[in-house]
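Okay, here's what each chain looks like letter by letter:
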Amino acid sequence: MIRLALVEDNIPAMQALKDKLEPFEDLTIVHTAYSGKEIVDQLMEDDSVDLILMDIEMPELDGITATQLIKEKYPTIKIVIITIFDNDESIFNAIKAGADSYILKETKPEKIHETIHDSIQGGAVMSPSIALKALQALKKSIPPHPTHPSDQSELSPREHEVLECLSMGLTNKRIAEKLFISPFTIKRHIENIYRKLQAQTRIELIAKAKQQGLI
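Nothing here was measured: the structure is a model prediction, and the numbers come from that model.

About the thresholds
- Residues numbered from 1 in each chain as written.
- Predicted model: local features only at pLDDT ≥ 70, side-chain atom pairs only at ≥ 80, totals over all residues.
- Heavy atoms only, no water.
- Salt bridge = Lys/Arg side-chain N within 4 Å of Asp/Glu carboxyl O.
- Helix = DSSP H or I, 4+ residues; strand = E, 2+ residues; numbered from the N terminus.
- Buried < 20%, exposed > 50% of the residue type's maximum accessible area, 1.4 Å probe, protein only.
- Contact = heavy atoms within 4.5 Å.
- Polar contact = N/O pair within 3.5 Å; in protein donor to acceptor, adjacent residues only side chain to side chain.

J.: Mind showing me how you'd approach the pattern of salt bridges here?
T.: Pairing between side chains of opposite charge can happen when the charged atoms of each approach one another. Evaluated as defined, the whole model comprises eleven salt bridges. Measuring nitrogen to oxygen at the nearest pair gives 3.1 Å for the salt bridge that ties R174 to E114. Taken together, the residues span a long stretch of sequence, with R174 in helix 8 (residues 172–179) and E114 in helix 5 (residues 109–120) at a distance of 60 residues. For R174, a relative accessible area of 36% corresponds to the partly exposed category.

J.: Please explain the environment of M54 as it appears in this structure.
T.: Mapped onto the elements, M54 comes out in strand 3 (residues 51–54). Along the chain, M54 and E8 lie 46 residues apart, while their C-alpha atoms are 6.7 Å from each other. Leave out the neighbours within four places in its chain, and M54 touches V7, I39, G63, A66, T67, I70, I79, V80, I81 and I82.

J.: Which parts of the structure should I look at to understand unusual backbone geometry?
T.: Glycine aside, residues mostly have negative phi angles, and peptide bonds mostly take the trans form. Unusually for a residue other than glycine, F180 sits at a positive phi of about 60 degrees. Tracing the backbone shows F180 in the loop between helix 8 and helix 9 (183–197). The exposure class of F180 is exposed, given its relative accessible area of 74%. Here Q198, not a glycine, exhibits a phi torsion of approximately 55 degrees, which is positive. Its location among the elements puts Q198 in the loop between helix 9 and helix 10 (202–211). On the accessibility criterion, Q198 (47% relative accessible area) is partly exposed.

J.: Hey, could you run me through the side chain of E114 in this one?
T.: By relative accessible area, which is 17% here, E114 ends up buried. Side chain to side chain, E114 and T171 meet in a polar contact 3.5 Å long. Here E114 is in contact with T171 and R174, once residues within four sequence places are set aside.

This is how it looks when you write it as structure tokens:
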């Protein structure tokens, strides 16, 4: 059972999110908050939360600031930004604050459910339009690298296949299905790729891979 906190200042939007999550029996909602400050206060009373679905624009404390504060104090809690904002500044600030995934409120229930599971397992999920903008913003912020990979970043043939799938925006589960190997093995390959390319987030990983000519 995955324990969730929902943070959304708009009451109808909060109810819509609850309705989307209600069919999934492996999810339970332990906190609902209507501001960033409220969720921070609730976690001080009970921090037994696996993942937070966080809005951005809220009174008292916005979602990005709340994300940064929560990640500093509770680094193991995963945070998925779920918002209507897809502008470059919001995306980049959320990534810098420590958000694990970033999706839009229009996302279908099945995809939200998949995002929750993939984020819990260490993945980073973004709506396609978000991923493109984040990649473009990050590429501008990373210094140029040689076009050929160094010895440290040489990948195995299987790691190259996994990297290609990551660049297509596939989740860990989808990659495992595509390559006919277990999700656990996929996770180990991804960990190795992150280590070899010295990346911290999936967006940074793809940007570095493109700069080094790996994809």
